[in-house]
Structures are given as C-alpha cells and as structure tokens.
Number of protein chains: 2
Amino acid sequence: MLTLFHQPLCPHSRFVRLVLAEYGLATRLVEEKFWERREEFLMLNPAGTVPVLVEEGQPAVPGVSIVIEYLDETRGADAGDRRLFPTDAGERAEVRRLASWFNDKFHAEVSGPLVNERVFKRYMTREQGGGPPDTDSMRVARHNIRYHLAYIGWLVQTRDWLAGERLSYADLAAAAHISAVDYLGDVPWNDDEAARNWYARVKSRPSFRAILADTVAGLPPSKNYANLDF
Amino acid sequence: MLTLFHQPLCPHSRFVRLVLAEYGLATRLVEEKFWERREEFLMLNPAGTVPVLVEEGQPAVPGVSIVIEYLDETRGADAGDRRLFPTDAGERAEVRRLASWFNDKFHAEVSGPLVNERVFKRYMTREQGGGPPDTDSMRVARHNIRYHLAYIGWLVQTRDWLAGERLSYADLAAAAHISAVDYLGDVPWNDDEAARNWYARVKSRPSFRAILADTVAGLPPSKNYANLDF
C-alpha cells in the first residue's frame, strides 16, 4: 500500500497524484500541513516539504523528482505502453529537462509564489511565515506565466506532447503546475491557443478527475477550473 | 567526446566534474559566462544555467541532476564497483534525497547566495544582476551552513559515507558545494569534527585534484582550500 503526504494545491503533490492515477496505483492521501513542521513528518522528510511517498516496509521517498524516479524504477517496466518515461537515455534527459523546467523554474517564477501567497499563507501563523499576500510577488508571477505558456505552445506545435510523440512525465508536471494556477484563476488562456488545446487534452484524462474535484475550504476554484471546455 | 559547459566556482558544475573524474571520463571543459545569456548556449539549455553536458551526436543534457542521471544510465553499469549510484530503488531514493539536499536546499541556503554575491556578481553588469554583494544575504548563508555541517557530521557518525556504506553521488554533491564555500573561506571547520574528517577523506581523492587547483582571477582561494590537512 502506498501513502502520499501532500497538499491539495501544491503543484508538486499534484504531479505525483497524476502519475499514481495514470498507473492506477491505489494510494492513501494524507493532507500534511507541512508549515507546522510536525515531528513525525520531519522524520519522513527532514527537508519538511511535500510530497512524500511512503511504501509499506520501505524508507520514505521525499521530494517530487525523487518520487517520480522511484515510481519509474518500481512501476515503470510493468506499465508497458502506458509508461510515462522513455527508456533511451537521451530521451529520458529531455523528459527530465522539461519536468525540471516546471518543477523548478515554473515553480520558482509562477506557481510557487502564487500558491504560497494565495493559499498556504492563509493557514500559517506569523511565525510559520503567514500574513497578508505579497501582491508584488503575485504580480511578477502573473507576468511570468505568459512566457511559459508561449513555451508550451511552441513545443506542442512541433510535437504531439511536450517531450515528443508520447504523453510523459513532462506533460503531467506542466499540467500539474498549471492546474494549481488555474484553480486560482491566474492562467491567461486567451494568450496561447496551442497551449490551451494541449491543456484541454491533458485535463480530459481520467487521471485528472480527482484533481479537478479538489476544493479548498474558503477558497472556491475559478469558474472554468473543472470545465473541460474552457 | 564529452564537453561540459561550466563555471569554476559553480557548485553544481563542480559536482559533475567530480563525477566525470571518478569515472575517468576525459571531458573538454568550457567556461560559460551564463549571465551573458549567449544565444548558442541558450539553444543548448533554454534555462540558461550551468552545468550542461554535451555528448557528441546527442542532444545536450542540461542541469546537474539530469546530467548525473544521464551519466549513471550511460556509464554506471560499466563502472562496476566504482559506480556512484546503488541499484536498489530504495537506496537510490536515499542517494537522490541527499544529492537534492545539497543541490537544492544547501544551494538555496548557503552555496548559491555566497558564490553569487562574492563571485558571479563581480563579473556581471548591472543589467545582468551585478553590483556590490548583498551582505545580509551572505550573513544569513554563513549562519545557515552550521546546521548543514552538523547534519553531515550526524550522518557520518552512523555510516561510512553520507548515504551508506559506499561513496556515492551524495558525498560528491555535498563535497562539491562545500568546496565552493571553502574556496571563499566560509566553512567554520572547527564546528564539527566528524564533518571535517569526512570532507578530508573526500578531498583526498584523486578526483578532487582539478577542483583544488582552480583559481579565479582576482579572488585567491582561502589559505587552507587546497590543503589536505586543514
């Protein structure tokens, strides 16, 4: 049995949830308020971040990129045609490059600041880093998303999916981060039609259903968040 | 033939250089002033960061964690006993966790700010982000290093090497980041004897020689930087 410690609007947690759903892996979800730095949780992940995947009888696997490598190593071969990671080293590098583009760069420039300012800070005490949202940081993030959307649009005009001819970790990483920003209504969908069409395809997958059903108390999703025809 | 685009004091570049040296892979080193955002370089890595590894006839492999995964996939099996990454999925997760601890967390809290403020900013124009060092950011980094050294000390009191009984990527990642900070004279070696003994062991390896010979124009290394008995 797998257990995932996560936060519903954390883009990294969402990426792992999508992968688990694509592979049909039944997983117990535990919502971890990581900002409380619970002692038992810090024993699983001394860095104190979500997501953390725990497989019964195994040491905890912390951190999004470590979890997806672990899932490929333990479940990838069994997934056959549905495997989300190519087997050629060069193609793997390209999938990792794009997954890192969203998990690291997009997160630093867009999804991290927006989710932190608009969601996590609502629940944190002053000591934990809470307080009113930093509107400057949100403004910069809303500006930055435009060039990322253009990059997605540019990629999918030459390839079926972000990293090539097949759905991969790269698409799920990108869609996970965008979905968190879309929940908040901060994706300028009219900017790039190719990017929107790509997201519509990913969003329509059964693996996305649970994510589209997420609602955070006191913060309803944007109007078209769960709409497949947005 | 391999080519590595790097910066001498960039800790991520140093980690890759150590791995290449451990595996005895002859590599052409190209010093890339990544802050100039050279167009040809951005074609290799749109994120504009070092290190980037280029293998003749293959697409470029950008980013430290992607490079080390690529080197394991293409060179790991041939390395036999000297392989720097275990084969068991759980043990790989632990090596990745620690490599990420240094490449991401230590870099964000210690080596990134120190190298950026004290080294890279010297070469950048105002527009590129240059200017006088931010002493607040340096002070925080010098404070943060103490708990990281204690963490290393704690790990090597229960294990031979950081991730277990064998030298791994985890040790080389940690040592690479520490070596950059040590060049600047900002490692409080008297704080933790176990951490110092571990670093002395890594520093004595032949793979470290080229790194200890690095000198940056106008910024000589700290007194004991290349001293194996520090």
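Residues numbered from 1 in each chain as written. Chains lettered and ligands numbered in written order. Predicted model: local features only at pLDDT ≥ 70, side-chain atom pairs only at ≥ 80, totals over all residues. Heavy atoms only, no water.

I would appreciate a short explanation of the overall build of chain A in the present structure.
Within chain A, the secondary structure is distributed over eight helices and four strands. Reading the helices (α) and strands (β) of chain A from amino to carboxyl end gives β-α-β-α-β-β-α-α-α-α-α-α. Against the globule reference of 17 Å for 230 residues, chain A gives a C-alpha radius of gyration of 17 Å, in line with a compact fold. Principal-axis analysis of the C-alpha atoms gives chain A an extent of 45 × 45 × 30 Å. Residue burial in chain A is summarised as follows: out of 230 residues, 58% are buried. Looking at chain A alone, contacts between residues at least 24 apart form 69% of all its contacts between residues at least 6 apart. As displayed, chain A has an accessible area near 10100 Å², and 49% of this comes from carbon and sulfur atoms. Across chain A, the centroid of the 28 positively charged side chains sits 4 Å from that of the 32 negatively charged ones. (Helix = DSSP H or I, 4+ residues; strand = E, 2+ residues; numbered from the N terminus. Rg over C-alpha atoms; globule rule 2.2 N^0.38 Å. Buried < 20%, exposed > 50% of the residue type's maximum accessible area, 1.4 Å probe, protein only. Contact = heavy atoms within 4.5 Å. Areas by Shrake-Rupley, 256 points an atom, 1.4 Å probe, with all protein chains shown as cover. Lys, Arg positive; Asp, Glu negative; His and termini not counted. Charge placed at Lys NZ, Arg CZ, Asp CG, Glu CD.)

Looking at this structure, how should I read the domain arrangement of chain A?
In many reports, interface size means the accessible area that the parts give up when they come together. All names here are of chain A. Here the domain parsing of chain A yields domain 1 (2–82) and domain 2 (89–205). Between the C-alpha centres of domain 1 and domain 2 there is a distance of 19 Å. Every contact between the two is made by 21 residues of domain 1 and, on the other side, 22 residues of domain 2. Carbon and sulfur atoms supply 64% of the area that domain 1 and domain 2 bury against each other, a total of about 2000 Å² over both sides. Put simply, domain 1 and domain 2 have three salt bridges between them. Applying the counting rule to domain 1 against domain 2 returns seven residue pairs in polar contact (both at pLDDT 80 or more). For the side of domain 1 that touches domain 2, the secondary-structure elements that each account for two or more residues are α1 (11–22) and α3 (64–79). (Domains from an automatic or database assignment. Buried area = accessible area lost by both parts, 1.4 Å probe. Salt bridge = Lys/Arg side-chain N within 4 Å of Asp/Glu carboxyl O. Polar contact = N/O pair within 3.5 Å; in protein donor to acceptor, adjacent residues only side chain to side chain.)

How do you make sense of the interface of chain B and chain A when you look at a structure like this?
Between chain B and chain A, the contact holds 19 residues from the first and 19 residues from the second. Sorting the residues of chain B by area buried against chain A places I66, E73 and R96 of chain B first, and these three jointly supply 29% of that buried surface. The tally of links between chain B and chain A comes to six salt bridges. For E69 of chain A, the salt bridge identified is with R96 of chain B, shortest N-O distance 3.6 Å. There are four residue pairs in polar contact (both at pLDDT 80 or more) connecting chain B and chain A.

Sorry if this is basic, but what is going on with the confidence of the model for chain A here?
Detailed reading of predicted coordinates is not advised where the pLDDT is low. Residue-level pLDDT values for chain A average 97, and 100% of them are 70 or greater. Two numbers describe this predicted complex: its pTM, 0.97, and its ipTM, 0.96. (pLDDT = per-residue confidence, 0-100.)

Looking at this model, I keep getting lost on helix α5 (residues 135–156) of chain B. Mind explaining?
Three or four residues apart is the spacing at which side chains of an α-helix point the same way, because the helix has 3.6 residues per turn. All names here are of chain B. Between its terminal C-alpha atoms α5 stretches 32 Å, which fits the 32 Å expected from 22 residues at 1.5 Å a residue. Every buried residue belonging to α5 is among M138, A141, N144, I145, H148, L149, Y151, I152, G153, L155 and V156, and all of these are buried. The secondary structure elements touched by the buried residues of α5 are α4 (89–123), α6 (169–183) and α7 (193–203). Structurally, the start of α5 carries an N-cap: the backbone nitrogen of D136 is 3.0 Å from a side-chain oxygen of D134. (Expected span 1.5 Å × (residues − 1).)

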